[in-house]
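Chain and residue survey
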Amino acid sequence: MPLVTTEKMLMDAQKEGFAVGAFNVENLEMVQAVVEAAEELKSPVILQTSAKTVQYANFSYFHSLVKAAADGASVPIALHLDHGNSFELAMQALRAGYTSIMIDGSHESYEDNICLSKKVVDACSPSRISVEAELGKVGGKEDDIDGGDGGLTEPIEAKEFVERTNVTSLAVAIGTSHGVYKGVPKLDLERLSEIRKVVSVPLVLHGGSGLSEESIKECIKRGICKVNYATELRIAFTEGVKQALSNTPNIIDPKKFTSVGREKVKEMAIEKIKTCGSVGKAIVPAL
Ligand SMILES: [Zn+2]
């Protein structure tokens, strides 16, 4: 089926109390792995690329890859720009056919973040493309993102931010981090519940990699509808490739080792989709 936006997908998740996994993909094999996992579990899914990833290839490559995967799939698939760091980058994603865009103005002042996010919403709304923004700072490092020690989301500001920007989803900072966690993260779950009470749009959890299954389930119970996974998928792919190369050092066909990475990513995506509670939630059109 054609690519879908994240707006309805996440509103459905919000209504039914589950989350949709959003997986960062870096190559053909990761795209295939995530889509196969979603197909097997009859789950909606979001595939996303970071600013660094579209710098490595470009929007057109990733759009073509994910569109091809979606065309052959029976579950709803959205293609999302993760951490778009400028208006220009967001517009490149829009023009390339991405169906969902994150504009990350969290490094700006509150007012400038509102201004930038609203500008992207205004540009995307005629084509009904979904927009995610971030308020507060998710800590940690990943690619070009450096949230430092973070700064948690204030519920009152979150309410006003959504009303003034009309974003379709909001990434919140409640103590999670990008990259690999050092020690056990301390999540401010009360804060999440407070934000949920006053904000109408679906909430997004960044830094899902490395959080325990219980923590993620608790966050979903308190209103998270999209969980981002990047680091664990990268680790899974790379471990698979390393394993294949060390088991058979004389491999020369890239398919022989990238396919092992693909299998590891699929296993990981299956586990995460189950944690998100979206198994069987794909709305498959009637024949
Ligand atoms: Zn993030």
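Let me sum up the structure you'll find in this document.

The rules we used
Residues numbered from 1 in each chain as written. Predicted model: local features only at pLDDT ≥ 70, side-chain atom pairs only at ≥ 80, totals over all residues. Heavy atoms only, no water. Salt bridge = Lys/Arg side-chain N within 4 Å of Asp/Glu carboxyl O. Helix = DSSP H or I, 4+ residues; strand = E, 2+ residues; numbered from the N terminus. Buried < 20%, exposed > 50% of the residue type's maximum accessible area, 1.4 Å probe, protein only. Core = buried A, V, L, I, M, F, W, Y, C linked by side-chain atoms within 4.5 Å. Contact = heavy atoms within 4.5 Å. Donors = N, O, S within 2.8 Å, 3.2 Å for Na, K, Ca; no water. Lys, Arg positive; Asp, Glu negative; His and termini not counted. Polar contact = N/O pair within 3.5 Å; in protein donor to acceptor, adjacent residues only side chain to side chain. 1 Å grid on protein atoms, 1.4 Å probe; cavity = no way out; pocket = protein on both sides within 12 Å on 5 of 7 lines; lining within 4 Å. Points joined across faces, edges and corners; volume = space filled by probe spheres on them. Nonpolar A, V, L, I, M, F, W, Y, C, P; charged D, E, K, R; others polar. Pairing = 2+ DSSP bridges. Phe/Tyr/Trp six-rings, centres within 6.5 Å; stacked < 30°, edge-to-face > 60°. Lys NZ or Arg CZ within 6 Å of the ring centre and 35° of its normal.

Topic: the pattern of salt bridges
In total, this model carries 24 salt bridges according to the counting rule given. A salt bridge links Glu111 to Arg164, with the nearest nitrogen and oxygen atoms 2.9 Å apart. Of this pair, Glu111 sits in helix α6 (residues 110–124) while Arg164 is found in helix α7 (residues 155–165), placing the two residues 53 residues apart along the sequence. A salt bridge links Arg191 to Asp188; the nearest nitrogen and oxygen atoms lie 2.9 Å apart. Assessed through its relative accessible area of 24%, Asp188 is described here as partly exposed.

Quick word on the nonpolar core
Ranked by size, the top nonpolar core spans 80 residues in total, and within it Val34, Leu47, Ile77, Ile101, Val120, Leu170 and Val227 carry the most contacts. Looking at this core element by element, the count peaks at eight residues for helix α2 (residues 28–41). If sequence neighbours within four positions are ignored, Val120 has contacts with Phe87, Ala90, Met91, Ile101, Ile103 and Val131. Grouped together as the second largest cluster of nonpolar side chains are nine residues, Met9, Phe18, Ala78 and Cys225 included.

Regarding the coordination of the zinc ion
The zinc ion binds to the protein through His83 (NE2), His178 (NE2) and His206 (ND1), with metal-donor distances spanning 2.0 to 2.1 Å. Sequence spacing among the residues donating to the zinc ion works out to H-x94-H-x27-H. Within this pair, whereas His83 is found in strand β3 (residues 77–84), its partner His178 is found in strand β9 (residues 177–178), the two being separated by 95 residues in sequence.

So, the side chain of Glu29
The residue Glu29 is located in helix α2 in this model. No salt bridge is formed by the buried Glu29; its nearest oppositely charged neighbour, Arg262, is found at 5.8 Å. Within the structure, Glu29 has its side chain in polar contact with the side chain of Thr258 (distance 3.3 Å). When residues no more than four places from it in sequence are discounted, the contact partners of Glu29 are Phe237, Thr258 and Arg262.

Some thoughts on empty space enclosed by the protein
As enumerated under the stated definition, the model contains one cavity of 30 Å³ or more in all. Here the largest cavity defines a volume of roughly 80 Å³. Around the largest cavity, the lining is made up of 16 residues, and of these Glu142, His178, Gly207, Asn228 and Ala230 lie nearest the centre. In terms of residue class, the lining of the largest cavity is made up of two nonpolar, twelve polar and two charged.

Quick notes on the pairing of strand β1 (residues 20–24)
Working note: regular strand, side chains alternate between the two faces of the sheet. Burial runs high along β1: five of the five residues are buried. Neither face of β1 is exposed, since Val20, Ala22 and Asn24 on one face and Gly21 and Phe23 on the opposite face are all buried. For β1 and strand β11 (residues 224–229), the ladder comprises four bridges, and the chain directions are parallel. Looking across to β11, one finds that Val20 is bridged to Lys226. Examined bridge by bridge, β1 and strand β2 (residues 45–50) share three bridges and lie parallel to one another. Within the sheet, the bridge partner assigned to Ala22 lies in β2 and is Ile46.

Side note on the packing of aromatic side chains
How two aromatic rings sit relative to each other is set out by the distance from centre to centre and by the angle between their planes. If you walk through the whole model with that rule in mind, you get three aromatic pairs. The interplanar angle of 90° and the centroid separation of 5.1 Å between the aromatic rings of Phe59 and Tyr98 together place this pair among those described as edge-to-face. Of this pair, Phe59 sits in helix α4 (residues 59–71) while Tyr98 sits in the loop between α5 (87–96) and β4 (100–103); the two residues are 39 residues apart in sequence, bridging distant segments of the chain. Like Tyr98, Phe59 is buried. Between Tyr110 and Phe161, the aromatic rings sit 6.5 Å apart at their centres with planes inclined by 45°, giving tilted as the arrangement. Pair noted here: Tyr110 is in helix α6 and Phe161 is in helix α7, with a separation of 51 residues, a long-range link. Residue classification places Phe161 among the buried residues on the basis of a relative accessible area of 0%. The ring of Phe87 is capped by Lys119, whose NZ or CZ atom sits 4.3 Å from the centre of that ring.

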